[in-house]
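Working through the structure, step by step
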Amino acid sequence: MTALEQLAELLFPDVTVTPEEYEVQYPARELKEGARVVRIAPSPTGYLHLGVLFTASVNYLTARATDGVFYFRLEDTDKKREVDGGAEDILTGLRQYGLNIDEGYEAPDKESGNYGPYRQSDRAVIYHTYAKALLLQGNAYPCFCTAEELDVTRGEQEANKQRTGYYGKYARCRDLSPEEAIERVKAGQPYVVRLRSPGDESRRVKFDDMIKGTIEMPENDQDIVLLKTDGIPTYHFAHAVDDHLMRTTHVIRGDEWIASVPVHLQLFRMLGFRAPKYAHVSPIMKEDDGGKRKLSKRKDPEAAVHYYTEQGYPADSVMEYLLTIANSDYEEWRRCHPDEPRSAFPFNLKKMSVSGALFDLNKLNDVSKNVIAVMDAVSVTEQVLTWAQQYDPALYEKLIADRSMAEGIFSIDRGGNKPRKDLAKWSDVPAYVDYFFRAPTEYPWPENLQKGDIRAILNAYAAVYDPTQDKQEWFNTIKALCPALGFCPEVKEYKKNPDAYKGHAGDVSTVIRVAITGRRNTPDLCSIMQLLGKQTVLDRLNAAL
Ligand code: GLU
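Because the structure is predicted, anything quoted here is derived from the model rather than measured.

Quick notes on the rules
Residues numbered from 1 in each chain as written. Predicted model: local features only at pLDDT ≥ 70, side-chain atom pairs only at ≥ 80, totals over all residues. Heavy atoms only, no water. Near = heavy atom within 4 Å. Polar contact = N/O pair within 3.5 Å; in protein donor to acceptor, adjacent residues only side chain to side chain. Areas by Shrake-Rupley, 256 points an atom, 1.4 Å probe, with all protein chains shown as cover. Nonpolar A, V, L, I, M, F, W, Y, C, P; charged D, E, K, R; others polar. Buried < 20%, exposed > 50% of the residue type's maximum accessible area, 1.4 Å probe, protein only. Helix = DSSP H or I, 4+ residues; strand = E, 2+ residues; numbered from the N terminus. Pairing = 2+ DSSP bridges. Right-handed = clockwise from strand over helix to strand, strands pointing away. Salt bridge = Lys/Arg side-chain N within 4 Å of Asp/Glu carboxyl O. Core = buried A, V, L, I, M, F, W, Y, C linked by side-chain atoms within 4.5 Å. Contact = heavy atoms within 4.5 Å. Arc of directions from axis to C-beta. Axes fitted to C-alpha atoms, helices over the stretch in contact; angles between N-to-C directions. Parallel < 35°, antiparallel > 145°, perpendicular 65-115°, else oblique. Phe/Tyr/Trp six-rings, centres within 6.5 Å; stacked < 30°, edge-to-face > 60°. Lys NZ or Arg CZ within 6 Å of the ring centre and 35° of its normal.

Taken together, R39, A41, P42, S43, E75, Y235, R253 and W257 make up the full set of residues adjacent to the ligand. Within the backbone of A41, one N or O atom sits 2.9 Å away from a nitrogen atom of the ligand. Taking S43, its side chain carries an N or O atom lying 3.0 Å from a nitrogen atom of the ligand. Look at the ligand: alone it shows 300 Å² of surface, and the protein chains cover 81% of it. Looking at the shell around the ligand residue by residue, the classes come out as 4 nonpolar, 1 polar and 3 charged.

Printed below as a string of structure tokens:
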């Protein structure tokens, strides 16, 4: 055995297979031409935020649009930054938003698919196998530099106005002989495993990013760390090994990784892998003080996906909105295909914004109003109840006490071809349903009417009120009251000769509406009165009088 082979055995006693065996175990996928294999690979270092949900949607749609595969990999190699429950929160969020994975990590003891394990902490031996192969080829080496030594080097580099890092003459362990390395390992000195970079800073690498276009950067010449002292891989090394073995065709990820692409391309080449295609998603932006800035996890509550759950935005609304900012022709497509599932949209990475999609809560509200407006009353009731149970117990009690009343409330003006758009989120519901559960305390009467006229209208209506009337009969009754009260039954007539009347039938119905609901604008009043019932309507008319 050569000294190098001895070193390899010493460093990687756990490795019993060769990279070739992994090639056989994880063969190329049999997919149709053009199918893309993509993934979402979050680190469980926090809760699900909008940026990750957005990137996950882009991956998901890419897989759906090409009959490909969307899988989940848990990148849990940074134990120090790991947050308890972080992985579960991300998985629950993805499911809640309908981003169902085709394969991958699902729970601590559950995963699906033939390309796993999909949790990086379960893949140590795989990384070691490839690190060992690189070492044997002379492309990797153990480095014993301590943090203090690296600090000294950095100080020197800064003083000499040199690039900082572990490269060239600064890569001090590069040329240690295998014999010396063996001695130091045996003496118990901690070490990392570094790549022996063949790169040259003065040469350029060029690659085509599917979102950002052609990018050119200097080659990587840093001897980057592949395995940390505890044998855990760095993100870079794990990315190359995993995305190769899981047969990822397109790496679609946040653009904070763009600067690492030269390292990644170099790793793929040195490992003998074909590199995937890259698409770097720009961060979601927000308008602030007339300018644009990144949506911030720290400053913006709406950066957390929990925000939308707490506010009661239907998952569908959030996803519809994210698509409108992902591909600007989505809205047009949606108009032409109102009933198609989102996964049928011909999503295209090339149509994504290079500068970062602008997120706007008002626009989300508009989208959400459209989504809620076309839902049926049973689903609305169901979703409102589920939301209220957790976030508004008082509302839950009111609605659950009489579920058919609740369904009745959400049925009003629903189902026609011009549905009302009162609700953007379930937290709008308490205000929306308020008058069903309590009598008005304020009466915003129409300003153009005198107190005496208002009283006359209410008295006249109370005298003829018939709870069995349908919408048409109800309005005919209002019209019939008009002449005696000095109001015009027809708006058109009234407009021709406004001075001849105190107002028109619309004003009369507004007075009744205000008396019953305390509002000038509500959905269909006749339906509201039917739901309230005769006694409540009479009580409210009297109270107003
Ligand atoms: N774990 C990395 C992150 O959360 C994954 C990046 C990637 O998709 O490659 O940022």
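Here strand β1 (residues 37-40) shows two buried faces, one formed by V37 and R39 and the other by V38 and I40. In the sheet, β1 pairs with strand β2 (residues 69-72) via 4 bridges, with the strands oriented parallel. Across the sheet, residue R39 finds its bridge partner in β2, namely Y71. As for the winding sense of the linkage, the β-α-β connection from β1 through helix α3 (residues 50-65) to β2 is right-handed.

Reading across the sheet, the 3 strands line up as β13-β12-β14 and stay open at both edges, with mixed pairing between neighbours. Looking at the sheet topology across the chains shown, the edges are occupied by β13 (291-294) and β14 (358-359).

In this chain, G116 is followed by P117 through a cis amide linkage whose omega measures 0°. Along the chain, the position of P117 falls in the loop between β4 (110-112) and α5 (124-136). In this structure, D67 takes a positive phi of about 55° despite not being glycine. Along the chain, D67 turns up in the loop between α3 and β2. Unusually for a residue other than glycine, D413 sits at a positive phi of about 60°. Tracing the sequence through the fold places D413 in the loop between α16 (403-411) and α17 (429-437). Assessed through its relative accessible area of 28%, D413 is described here as partly exposed.

Moving on to the pattern of salt bridges. Opposite charge on two side chains lets them pair, provided their charged atoms get close. This model, assessed by the stated rule, comprises 43 salt bridges. Between E23 and R247 there is a salt bridge, with its nearest N and O atoms 3.0 Å apart. Residue E23 is found in helix α2 (residues 19-25), and its partner R247 is found in the loop between α8 (235-245) and β10 (250-254); the two are separated by 224 residues along the sequence. Classification of E23 by relative accessible area gives partly exposed; the value is 28%. Look at R247 and you get buried, because its relative accessible area is 17%. Residues E493 and K496 are paired through a salt bridge, measuring 3.4 Å at the closest nitrogen-oxygen approach. Of this pair, E493 and K496 both sit in helix α20 (residues 491-496), separated by 3 residues, roughly a single helical turn. For E493, a relative accessible area of 37% corresponds to the partly exposed category. Taken together, the shared-partner salt bridges connect R39, R73, E75, R123, D242 and D243 into one network.

To continue, consider the nonpolar core. Counting 108 residues, the largest nonpolar core has L53, Y130, L226, F237, Y308 and L349 as the members making the most contacts within it. Per-element accounting of this core gives the leading share, 9 residues, to α3. Look past the residues within four positions of F237 in its chain and what remains in contact with it is Y127, Y130, A131, L134, L226, L227, L267 and L271. Counting residues in hydrophobic clusters, the runner-up holds 52 residues, among them L395, I409, V429 and V433.

This part is about the environment of E75. Mapping E75 onto the fold places it in the loop between β2 and α4 (86-96). In sequence terms E75 and I40 are 35 residues apart; their C-alpha atoms lie 9.7 Å from each other. If we ignore the near neighbours within four places in the chain, the residues touching E75 are A41, P42, S43, P44, Q120 and Y235.

All right, on to helix α22 (residues 525-532) then. Where α22 is concerned, the buried positions are L525, C526, I528, M529 and L532. Viewed end-on, α22 has its buried residues packed into an arc of 160°, placing them on one side of the element. Turning to α22, the residues buried within the fold contact α17, α18 (451-464), α19 (471-485), α21 (505-517) and α23 (534-544). G533, located one to two residues past α22, shows a positive phi value of around 90°.

Right, let's get into the packing of helix α15 (residues 393-401) against α16. Taken N-terminus to C-terminus, the directions of α15 and α16 make an angle of 100°; their axes are 5 Å apart at the nearest point. With respect to α16, the element α15 is oriented roughly perpendicular. Residue-level inspection shows L399, I400 and A401 of α15 in contact with α16, the latter providing R403, A406 and F410. When grouped by side-chain class, the residues that make up the contact of α15 with α16 number 5 nonpolar, no polar and 1 charged.

This part takes up the sheet that holds strand β5 (residues 140-143). Whenever strands of a sheet pair, they do so through backbone hydrogen bonds, lying parallel or antiparallel. Spatial strand order, β5-β6-β9: 3 strands in an open sheet with antiparallel pairing. Every interior strand has two partners, whereas the edge strands, β5 and β9 (225-227), have only one. Strand-to-strand twist across the sheet, computed as the mean angle between neighbouring axes with direction ignored, equals 45°.

For any pair of aromatic rings, the description rests on two quantities: the centre-to-centre distance and the angle between the ring planes. Within the structure shown, the criterion is met by 25 aromatic pairs. Plain terms: the ring middles of F207 and Y278 are 6.4 Å apart, the flat faces sit at 75° to each other, and that makes the pair edge-to-face. Of this pair, F207 sits in strand β7 (residues 204-209) while Y278 is found in strand β11 (residues 277-281), placing the two residues 71 residues apart along the sequence. In terms of burial, F207 and Y278 fall into one category: buried. Relative to F475, the ring of W474 has its centre 6.3 Å away and its plane inclined at 25°; by these criteria the two rings are stacked. Under the relative-accessibility criterion, F475 is labelled partly exposed at 28%. An aromatic cluster of three or more residues is present, and its members are Y22, Y26, Y115, Y130, F268 and F273. Seen from the ring of Y115, R29 lies directly overhead, with NZ or CZ sitting 3.9 Å from the centre. A cation over an aromatic ring shows up here: R163 above the ring of Y167, its NZ or CZ 4.2 Å from the ring centre.

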